Amino acid sequence: MVYLNDFEEFMAASQEMFATKPLRTRYLVTYRHCDAKVILKVTDDKAVLKFKTDQLADNKKVERFSQAFARWTVMKDLDKLDVADAELEEARQALQPAAKRKRRKH
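Here goes a summary of the coordinates provided. Model, not experiment: these values are computed from the prediction. (Residues numbered from 1 in each chain as written. Predicted model: local features only at pLDDT ≥ 70, side-chain atom pairs only at ≥ 80, totals over all residues. Heavy atoms only, no water.)

Scanning the protein chain from terminus to terminus reveals three helices and four strands. Residue burial in the protein chain is summarised as follows: out of 106 residues, 25% are buried. Considering only contacts in the protein chain between residues 6 or more positions apart, those separated by 24 or more positions represent 51%. Roughly 8600 Å² of accessible area belongs to the protein chain as shown, and the carbon and sulfur atoms make up 51% of that amount. (Helix = DSSP H or I, 4+ residues; strand = E, 2+ residues; numbered from the N terminus. Buried < 20%, exposed > 50% of the residue type's maximum accessible area, 1.4 Å probe, protein only. Contact = heavy atoms within 4.5 Å. Areas by Shrake-Rupley, 256 points an atom, 1.4 Å probe, with all protein chains shown as cover.)

Listed below in structure tokens is the structure:
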């Protein structure tokens, strides 16, 4: 079991583990309310990678990892794991609110 302190390193190691054994790799998110800690765990039954944080700002990183892992599981071509999904980017842009126009006061 390895705790990784850097999130980017954890994500890269998780992606590499998934690329080598996609059918055996799984992840678990644990939230401990008493400690206010989030623990991400990725395993393939041989190796275990963990990332632990108590920072509220890291919740976006956890969400990004969950989305990435879900995207990896449905990909047909595992050689393109690190390529950004065009459909996902289009959906993100569509959800962005349009800029509001300022109205003149008469």
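Here the focus is the pairing of strand β4 (residues 48-53). Relative to β4, strand β1 (residues 2-3) is paired through two bridges, and the arrangement is parallel. Each residue of the ladder has a partner; that of Val2, found in β4, is Leu49. Sheet topology places strand β3 (residues 37-43) next to β4; six bridges connect them, and they run antiparallel. Directly across from Val42, in β4, lies its bridge partner Leu49. The hairpin turn running from β3 into β4, its antiparallel successor, is four residues long, and Asp45 in that turn takes a positive phi close to 75 degrees. (Pairing = 2+ DSSP bridges.)

Once that is clear, we can look at the pairing of strand β2 (residues 26-32). With seven bridges joining them, β2 and β3 adopt antiparallel strand pairing. Directly across from Leu28, in β3, lies its bridge partner Lys41. Adjacent in sequence and paired antiparallel, β2 and β3 are bridged by four residues, among which Ala36 carries a positive phi angle near 55 degrees.

A positive phi angle, near 55 degrees, is found at Ala36, a position not held by glycine. Positioned with a positive phi, Asp45 is a non-glycine residue whose angle comes to about 75 degrees. Along the polypeptide, Asp45 turns up in the loop between β3 and β4.

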